[in-house]
Amino acid sequence: MVLYPVIRKLLDKRVVLASASPRRQEILSNAGLRFEVVPSRFKEQLSKASFPTPYAYAMETAKQKALEVARRMHQKDLRAPDVLIGADTIVALEGLILEKPVDKADAYSMLSRLNGKEHSVFTGVAIIHCSNQGGGLHTDISEFYQETRVRFSQLSEEMLWDYIHSGEPMDKAGGYGIQALGGMLVESIHGDFLNVVGFPLNRFCQELADLYCLPRPEGLHRVKHDSIPAVDTFEDLSDQEGGGPSQGGAQGGRAHPQAQGRKDREDADQEPTVESVPPTAILELIDGYKVSKVLVTACNMKVFDLLRDEGPLRAEDIARKTGASEIGTGQLLDVCVALGLLDKTERGYSNTQLASLYLLSDGEYSLHSFVLFQRDLIWPFYSHLDFAVQEGAVQFQRVLGTAGEESYEGLFYQTQERKLQFMAAMHGYTKVAVRQVATAFDLSRFTSACDLGGCTGALAYELARQYPGLKVTVLDLPEVIEDAAHFRPDGPQTGQVSFMPGDFFRDPLPEADLYILSKVLHNWPDEKVHQLLSRISRSCKPGGGLLVVELLLDEKCQSLIPVLQSLTMMVLFLSRERTLSEYRSLLQAHGFTDVRAAYLGSTVDAILATRA
């Protein structure tokens, strides 16, 4: 439901949020805004001392984040989105800007400064309307900030450290999250609560109303980029137009006080034309398979490993070292550059941060095996999607040449190499979100946990690291447990984790205060889910907990990844992802109450329920 009528003005536009913040995504989604998420790569290295006020720094950072995404998308597609939203939230105490802590010691330093005092939370927001004229990128930029005053209680050292050890401060400006455990630190708040969470929704909607309903275009500054500048040169864009951040009122302001917006160039009732609705989005969908194939090919050639070890390298050197053709390698690498996986300079190609973090075959958060797993298992079944949809049946016969459910275990574990690839794929996919899952709720009241179907123990080890008093048992099939040691990390937390072979549908479940189902329930239809939840309910004592880790479907199906994952579950298992209300009904039917959800903005979400 769209509560703010002005948001309807954006429903027929391509809107991009230049932020990976799950909190901003949730705030805007709840307001009914449809948007894509393209995290900015702008390096937040602006000199704070060069800005007259903290909010001027926040507004400029927000603008640069959005401009970087506009530039990158325009270079890639020769067309930027219609509207880009950039935001930056900071905490300021007596003129000192506090951003995200780098470690626990930094978090303690920040929280100690805030202890017993009042501070300001500023969010700078940039709304950028983009257009393509004569091959150049044109931008209409409107900026504003919002201030909220927050006072901390006088807190003990023990409470500060308990909060720090929860893990919650580490990705939040000022080292606390008011919407979660950090709310216990706050004595009072004056102003917009959502502004402290990360996005001033009310003020944003007021700005949209001004932009679309009370147009005063002379207040906007237009920047034309005939030749798109490099990211580093964006720091000077405000000076080009004489419009740097200006000071505003105590509660909020704009960089340009007279800027009331820009005219709505399209009549909502007008018939669409190829000029007003270009086919870019459809063409991107058509090219989706090609893009995936490029990623798979580069991973299979271990291009990213090679560039990590020897880069930067020229195309001919990579071709020679991988045994591939020069012409094919060069074009493959260029596509990887356009996709943001590689950088290209006069010295040659090198990995971007994105590739270094996720695409090295031996990286801590590697998705390399997951990419190849998609190629080897998911793609063959998706090739027969039309038959799966028409028949409502898993296409074993067409894909494997056999029929029956027994062929699935054979597919996963038919060879030692295939089994280890599958386990590595699940390990990497789980690992990228384990910290968010482990810190989504306060689990300190539990002393024992059982991770049913926990595979390599990736989540179990992180839970043990976050909660030193927690003992975790991983229950999985014997053929999985025998190779779980391949994924054992270093560190004292390994002593808190044990592995037990078993089938959670047939064998007795270990006793535990907390049971965990991570990416398990989506594999099964409702009948099997009820069977498993019934077994857990019988084993779980009153007051015990059940942690469910799954992607939650959006009731309106506006988020692509969950609905696509749900389709994949249908193709593979004749099952599906579920909405929060569906999970709540399932859990309550088996005696679990106080069902709470955490939308993590990652590969999964989390639900915690308590046994009545």
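First, a word on what this report is: a plain description of the structure on this page. Here the residue index of a chain counts from 1 through its sequence in written order. Residues qualify for local features only when their pLDDT is at least 70, as the model is predicted, and side-chain atom pairs are given and counted only at 80 or more; totals for whole chains, interfaces and linings, by contrast, use all residues. Neither water nor hydrogens contribute to the side-chain values; these are computed over all heavy atoms in the structure.

### Quick look at the side chain of Ser120
Thought 1: Secondary structure elements are taken from DSSP: a helix is a run of H or I of four residues or more, a strand is a run of E of two residues or more, and numbering for both begins at the N terminus. Along the polypeptide, Ser120 turns up in strand 5 (residues 118-133).
Thought 2: Only protein chains enter the accessibility calculation, which uses a 1.4 Å probe. A residue is then buried if its area is under 20% of the maximum for its type, exposed if over 50%, and partly exposed in between. With relative accessibility at 4%, the residue Ser120 sits in the buried group.
Thought 3: Contacts were defined at the residue level, with two residues in contact if any of their heavy atoms lie within 4.5 Å. If we ignore the near neighbours within four places in the chain, the residues touching Ser120 are Ile90, Val91, Ala92, Glu147, Thr148 and Arg149.

### Brief notes about the side chain of Glu577
Thought 1: Relative to the elements of secondary structure, Glu577 occurs in the loop between helix 23 (560-573) and strand 18 (578-579).
Thought 2: Here the positive residues are Lys and Arg and the negative ones are Asp and Glu; neither His nor the chain ends is included. Here, a salt bridge means any Lys or Arg side-chain nitrogen found within 4 Å of an Asp or Glu carboxyl oxygen. Look at Glu577: it is buried, it has no salt bridge, and the nearest opposite charge is Arg578 at 6.6 Å.
Thought 3: Distance and chemistry together define a polar contact, namely a pair of N or O atoms within 3.5 Å, with one atom able to donate a hydrogen and the other to accept it when in protein, and with adjacent residues in sequence counting only for side-chain atoms on both sides. Engagement of the side chain of Glu577 in a polar contact is seen with the side chain of His522, the distance being 2.8 Å.

### Side note on the sheet that holds strand 19 (residues 592-598)
Thought 1: A pair of strands is treated as paired once DSSP finds two or more bridges between them. Strand order in the open sheet made by the seven strands is 14-13-12-15-16-20-19, with mixed pairing throughout. Two strands bound the open sheet, and with one partner strand each, they are strand 14 (497-501) and strand 19. The average angle at which neighbouring strand axes cross in this sheet is 20 degrees, direction not considered.
Thought 2: With five bridges connecting them, strand 15 (residues 514-518) and strand 16 (residues 545-550) associate as parallel partners. Across the sheet, the residue bridging to Ile516 is Leu547, located in strand 16.
Thought 3: Throughout, an axis means a line fitted to C-alpha atoms (over the contacting stretch in the case of helices), and angles, computed between N-to-C directions, take values from 0 to 180 degrees. Across the sheet, helix 20 (residues 458-466) touches strand 12 (448-452), strand 13 (471-476), strand 14, strand 15 and strand 16, and the angle it forms with strand 14 is around 150 degrees.
Thought 4: The strands touched by helix 24 (residues 580-589) are strand 16, strand 19 and strand 20 (605-611); relative to strand 19, the strand with the most contacts, the crossing angle is about 155 degrees.

### Considering the packing of helix 9 (residues 288-300) against helix 12 (residues 326-338)
Thought 1: Contact geometry for helix 9 and helix 12: axes closest at 10 Å, N-to-C directions at 115 degrees. Here helix 9 runs over helix 12; the crossing is left-handed. For the pair helix 9 and helix 12, contact is made by Val294, Thr297 and Ala298 and by Leu332, Val335 and Cys336, respectively.
Thought 2: Its residues assigned to classes, the contact of helix 9 with helix 12 comprises five nonpolar, one polar and no charged. Crossings are sorted by hand: turned counterclockwise from the far helix by less than a right angle, the near helix makes the crossing left-handed, and turned clockwise it makes it right-handed. Basically, the charged four are Asp, Glu, Lys and Arg, the nonpolar ten are Ala, Val, Leu, Ile, Met, Phe, Trp, Tyr, Cys and Pro, and anything else, Gly included, counts as polar.

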